[in-house]
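# Commentary on secondary and tertiary structure
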Amino acid sequence: METVTTIAAARDRLDRARADGATVGLVPTMGYLHEGHASLIERAAAEHPFVAVTVFVNPLQFGPTEDLDAYPRDLAADQQLIERCGGTLVIAPSVEEMYPRPILTTVTVAEVSARLEGASRPTHFAGVATVVAKLFNLAGPCHAYFGEKDWQQVAVIRRMAQDLNFPVTVVACPIVREPDGLARSSRNVYLTEPERAAAPVLHRALEAGIAAIERGERDPAAIHRLMADLVGAEPHAALDYAEVVDAATLTPVDPLAGELRLLVAARFGRARLIDNVGVEVASGS
Ligand code: PAF
C-alpha cells in the first residue's frame, strides 16, 4: 500500500491503475477511521482491484462554531486500518494542497441540502459537495463508497454527481449496527452508561415508523408523531427531528408514496446522534 499527499501523484497512480485494466473504488473519509469506515473499504476492495482511500479533514464543511482543530487525527492508525481492509492507495493531502488559494467556486446542491441536518448546519453540505467534487475530479472514473448513516450526505453527493455528470457511481453502504440496533458512530463514545442504554430508542422509533407505514399509514404527520413520541418519552433524549421524506430529494411527501426515508436526530448528553431507514411504498397502495 502506498500513501501520496499531492493531487498530481494521486491522479498519476489512479490513471496508471486504470491503464493497467483495474477498476477503481474510492472511499472518501476525514480519517480517524473506525469499523464503519472499515466496512466501506472492505466492500470497495471486494468489488475493485484498486481501492483509494482519501484522508482529509475538510475545513470547508465545518461551521463557525464547530471546532476544526479539535477534530481527531491519526494517520498512522488510519494507514494500518486501510491496509488491513484491502486498500491500495491512501491519498492524504494537506489543506494547502487542496485549497492553495481562497476558494471562490463552491458547489451547492439546493433543496436536498436545505432541511434536516442542513437546518442546523446551513453551510455544511456545500462544504461537503465542494470537497467531494474536488475528490471526484482528482480520482476520475470510479465507484465511490459512502455510509448510509449520513443519508442526507449520500443524497447530496448522488444528486451532485448526476447533475454535474461526474463519471462516478455513488454506492451507498448499509448502516453497521450494534446488537441492540444502535447505529455505530464515532460519537457513541461520548455516551454515558444510561445514555448508551437509551440511545437504541432512535432505531426503535424508526422501526415503529416503518411498521406503521407497512400497516397502511400514509399520513407523514402521523409517522412524525409516532416517532417523536417514542423518542420524546425517553428522558435521556432531546429530539431534534423525526421525519419521513422523499429518499432522493429529502422533501416532504404527502400522502406517503415512492422511495421514502425515515430520519431521526436527537441529543443524548454531549452526543448528537442520527439514524435512518428506507422503505418503498407503491403509489396508490
Ligand atoms: O463523511 C465524511 O467523512 C465527509 O463528509 C466526506 C464525505 C469525506 C467529505 O469530507
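Presented here is a report on the structure given in the accompanying data block. (Residues numbered from 1 in each chain as written. Predicted model: local features only at pLDDT ≥ 70, side-chain atom pairs only at ≥ 80, totals over all residues. Heavy atoms only, no water.)

### Regarding the overall build of the protein chain
Along the protein chain, the regular secondary structure elements total 10 helices and 9 strands. At 19 Å, the protein chain has a C-alpha radius of gyration in line with the 19 Å of a compact globule built from 285 residues. Here the C-alpha coordinates of the protein chain stretch approximately 55 × 45 × 40 Å along the principal axes. Within the protein chain, the proportion of its 285 residues that are buried is 51%. Here the contacts in the protein chain between residues at least 6 apart in sequence split such that 72% fall between residues at least 24 apart. The protein chain carries 26 positive and 37 negative side-chain charges, and their two centres are separated by 2 Å. (Helix = DSSP H or I, 4+ residues; strand = E, 2+ residues; numbered from the N terminus. Rg over C-alpha atoms; globule rule 2.2 N^0.38 Å. Buried < 20%, exposed > 50% of the residue type's maximum accessible area, 1.4 Å probe, protein only. Contact = heavy atoms within 4.5 Å. Lys, Arg positive; Asp, Glu negative; His and termini not counted. Charge placed at Lys NZ, Arg CZ, Asp CG, Glu CD.)

### Some thoughts on the pattern of salt bridges
Taken as a whole and assessed by the stated rule, the structure comprises 14 salt bridges. Here Arg-16 makes a salt bridge to Asp-12, at a shortest N to O gap of 3.4 Å. Of this pair, Arg-16 and Asp-12 both sit in helix 1 (residues 7-19), 4 residues apart, roughly one helical turn. Classification of Arg-16 by relative accessible area gives partly exposed; the value is 44%. Its relative accessible area of 39% is what places Asp-12 among the partly exposed residues. Close ionic contact of Arg-177 with Asp-275 constitutes a salt bridge, the shortest N to O distance being 2.9 Å. In this pair, Arg-177 is assigned in the loop between strand 6 (168-173) and helix 8 (193-198) and Asp-275 in strand 9 (residues 271-281), connecting sequence segments 98 residues apart. A single salt-bridge network, built from bridges that share partners, covers Glu-117, Asp-240 and Arg-272. (Salt bridge = Lys/Arg side-chain N within 4 Å of Asp/Glu carboxyl O.)

### What about the site of the ligand?
Every residue near the ligand is listed here: Pro-28, Thr-29, Met-30, Asn-58, Gln-61, Val-128, Val-131, Phe-146 and Gln-153. Contacts to the ligand include Gln-61, whose side-chain N or O atom sits 2.6 Å from an oxygen atom. Contact with the protein chains covers 88% of the free accessible surface of the ligand, which is 290 Å². Sorting the residues of the shell around the ligand by element identifies strand 2 (24-29) and helix 6 (124-139) as the ones contributing at least two each. Taken together, the residues that form the shell around the ligand break down as 5 nonpolar, 4 polar and no charged. (Near = heavy atom within 4 Å. Polar contact = N/O pair within 3.5 Å; in protein donor to acceptor, adjacent residues only side chain to side chain. Areas by Shrake-Rupley, 256 points an atom, 1.4 Å probe, with all protein chains shown as cover. Nonpolar A, V, L, I, M, F, W, Y, C, P; charged D, E, K, R; others polar.)

### Let's talk about the environment of Leu-230
Locating Leu-230 in the fold gives a position in helix 10 (residues 220-232). Leu-230 sits in the partly exposed class, given a relative accessible area of 36%. Remark: the alpha-carbon pair of Leu-230 and Arg-16, spanning 214 residues in sequence, is separated by 53 Å. The residues contacting Leu-230, other than those within four sequence positions of it, are Val-201, Arg-204, Ala-205 and Ala-208.

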